[in-house]
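Descriptive analysis of the structure
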Amino acid sequence: MALTESFWIESASTENTRVEYGPFATRAEAETTARRLLLGYLLRYEHLVGEEDEIEDVRSVFIELGAGAGAGSAAQPTKWHTRCASCGVSAAHNHSWQAEVWADIHEFENMRHMVRLFERSDAKGLREIAHWRQQSA
């Protein structure tokens, strides 16, 4: 006779490199904490346990939380980061235009330096904006 065990985990995204928090015994408990931590997803793990207490099958189900939690929340500001690929100098900015001005000044003062632009949000993490000079022109 097989037994199914379920437990709940909070998650920031559905990606493999996601942030997880838990486990919780009930969905209500996990959802309350997920909203407080601004995580946008719940993840339900189901383990099918066999006769000899060995896990035979694992299923996972992502549940996206509605507005007010996670990626849809206005409480998650986007930060902009710049880093020179030549000398390694970096800075953090609140607005994209500040990052662009910093990059212009740094590249003007240092010939042949190239500044990379990164966007950071709680939902998506840190990601590089590739070819951002061509996109802004």
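In short, a report on the structure. (Residues numbered from 1 in each chain as written. Predicted model: local features only at pLDDT ≥ 70, side-chain atom pairs only at ≥ 80, totals over all residues. Heavy atoms only, no water.)

1. Observations concerning the sheet that holds strand β6 (residues 90-93)
Read from one edge of the open sheet, four strands run β6-β5-β7-β8, paired in antiparallel fashion. Of all strands in the sheet, those with a lone pairing partner are β6 and β8 (125-128), marking the two edges. Ignoring strand direction, the axes of neighbouring strands in this sheet form an average angle of 25°. Across four bridges, strand β5 (residues 79-84) lies against β6 in antiparallel orientation. By the bridge assignment for β6, T82 is matched with A91. (Pairing = 2+ DSSP bridges. Helix = DSSP H or I, 4+ residues; strand = E, 2+ residues; numbered from the N terminus. Axes fitted to C-alpha atoms, helices over the stretch in contact; angles between N-to-C directions.)

2. Considering the environment of T26
Positionally, T26 belongs in the loop between β2 (20-24) and α1 (27-36). T26 sits in the partly exposed class, given a relative accessible area of 40%. With 18 residues separating them along the chain, T26 and W8 place their C-alpha atoms 6.6 Å apart. A distance of 3.2 Å separates a polar side-chain atom of T26 from the backbone nitrogen of E29. (Buried < 20%, exposed > 50% of the residue type's maximum accessible area, 1.4 Å probe, protein only. Polar contact = N/O pair within 3.5 Å; in protein donor to acceptor, adjacent residues only side chain to side chain.)

3. A few points about the pairing of strand β7 (residues 115-121)
Put simply, side chains in a regular strand alternate between the two faces of the sheet. Counting buried positions over the seven residues of β7 gives five, a clear majority of the element. With six bridges joining them, β5 and β7 adopt antiparallel strand pairing. Along β7, the bridge assignment pairs K79 with R120. Across four bridges, the pairing between β7 and β8 is antiparallel.

4. Side note on the pattern of salt bridges
Summed over the entire model, instances satisfying the criterion amount to seven salt bridges. The closest approach of N and O atoms between R18 and E20, which form a salt bridge, is 2.6 Å. Exposure remark for E20: the relative accessible area of 36% places this residue in the partly exposed category. Within this structure, R27, E31 and R35 form a network of salt bridges that share partners. (Salt bridge = Lys/Arg side-chain N within 4 Å of Asp/Glu carboxyl O.)

5. A short note on the packing of aromatic side chains
Two aromatic rings are characterised by how far apart their centres lie and by the angle between their planes. This model, assessed by the stated rule, comprises three aromatic pairs. With centroids separated by 6.1 Å and ring planes inclined at 45°, the aromatic side chains of Y21 and F24 adopt a geometry described as tilted. Look at Y21 and you get partly exposed, because its relative accessible area is 44%. (Phe/Tyr/Trp six-rings, centres within 6.5 Å; stacked < 30°, edge-to-face > 60°.)

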